[in-house]
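What follows is the residue order along each chain.
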Amino acid sequence: MARIEETFIENRNRVQPNHANNYDAVHGGNVMKWMDEVGAMSAMRHAGESCLTASIDRMDFLKPVAVGDIVVIRSYVYEVGRTSVKVRLQAFAEDPRTGEREQTTESYFVYVAVDSENRPVEVPELAVETDRDEELRDAALDGGIGDA
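Keep in mind it's a predicted model, so treat the numbers as computed, not measured. (Residues numbered from 1 in each chain as written. Predicted model: local features only at pLDDT ≥ 70, side-chain atom pairs only at ≥ 80, totals over all residues. Heavy atoms only, no water.)

## A word on helix α1 (residues 28-47)
- Taking 1.5 Å per residue as the helical rise, α1 with its 20 residues ought to reach 28 Å, and the 28 Å between its terminal C-alpha atoms agrees with that figure.
- All of the buried residues in α1 are N30, V31, W34, M35, V38, G39, A40, S42, A43, H46 and A47.
- Where the residues of α1 are buried, they touch β1 (9-14), β2 (50-61), β3 (70-80), β4 (84-94) and β5 (101-114).
- Just beyond α1, the residue with positive phi is G48, at close to 70°. (Helix = DSSP H or I, 4+ residues; strand = E, 2+ residues; numbered from the N terminus. Expected span 1.5 Å × (residues − 1). Buried < 20%, exposed > 50% of the residue type's maximum accessible area, 1.4 Å probe, protein only. Contact = heavy atoms within 4.5 Å.)

## Regarding the side chain of S42
- Tracing the chain through its elements places S42 in helix α1.
- At 2.8 Å, the side chain of S42 forms a polar contact with the side chain of S75. (Polar contact = N/O pair within 3.5 Å; in protein donor to acceptor, adjacent residues only side chain to side chain.)

## What to know about the pairing of β3
- Among the 11 residues in β3, nine count as buried, and that is most of the element.
- Note: β1 against β3, six bridges, orientation antiparallel. Residue E10 lies in a different strand from β3, and its bridge partner there is R74.
- Alignment of β3 against β4, held across 10 bridges, turns out to be antiparallel. By the bridge assignment for β4, I70 is matched with E94.
- A loop of three residues connects β3 with β4, the two strands running antiparallel in sequence. (Pairing = 2+ DSSP bridges.)

## Digging into the pattern of salt bridges
- One pass over the structure, following the stated rule, counts 19 salt bridges.
- Residue R101 is joined to E10 by a salt bridge in which the shortest nitrogen-to-oxygen separation is 3.1 Å. Within this pair, whereas R101 is found in strand β5, its partner E10 is found in strand β1, the two being separated by 91 residues in sequence.
- Each of E10, R12, R74, E94 and R101 takes part in salt bridges that share partners, so that together they form one network. (Salt bridge = Lys/Arg side-chain N within 4 Å of Asp/Glu carboxyl O.)

## Overview of the nonpolar core
- Ranked by internal contacts, the top residues of the largest apolar core, which has 34 residues, are M35, I73 and Y111.
- For this core, the secondary structure elements donating two or more residues are α1, β2, β3, β4, β5 and α2 (131-142).
- Per-element tally for this core: the top contributor is α1, with seven residues.
- Not counting chain neighbours up to four residues away, the residues in contact with M35 comprise M59, I73, L89, Q90, A91, T105, E106, S107, F109 and Y111. (Core = buried A, V, L, I, M, F, W, Y, C linked by side-chain atoms within 4.5 Å.)

## As for the packing of aromatic side chains
- Scanning all chains against the criterion turns up three aromatic pairs.
- Arranged with centres 6.0 Å apart and planes meeting at 25°, the rings of F109 and Y111 form a pair that is stacked. Residues F109 and Y111 agree in their burial class; the two are buried.
- Its guanidinium or amino end placed over the ring of F8, R132 lies 5.6 Å from that ring's centre, counting from NZ or CZ. (Phe/Tyr/Trp six-rings, centres within 6.5 Å; stacked < 30°, edge-to-face > 60°. Lys NZ or Arg CZ within 6 Å of the ring centre and 35° of its normal.)

Pasting the structure below:
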């Protein structure tokens, strides 16, 4: 049984010109792809199995990310079902020179744990043992936009 904090993953992608639209900002589809990849890592870390994307509960794009900036993605499991894993995802624009960050995107994905034949398998319970675990879970359940 994993703790929420043990599923916390942060990853970075630098926005290149080939990631951008005609406004010199990253395409939302690229952000969604990067979020899906990191979210699956959190889900697999908890489930101990491969996980497939089942649904995206919502995707809020708040601000664009310019070419040359870094997209920082934070992900963690906040709730589980019998075979499903719910993951909160946040994306931030980060200035590579100063490290300053501003949240740009928020989403909630659901993954299903599967075996080698892509059949759903049960996932372990999710432990909430520390103040940080509670803080992360509560932030996700509140559904509010903000840092985790």
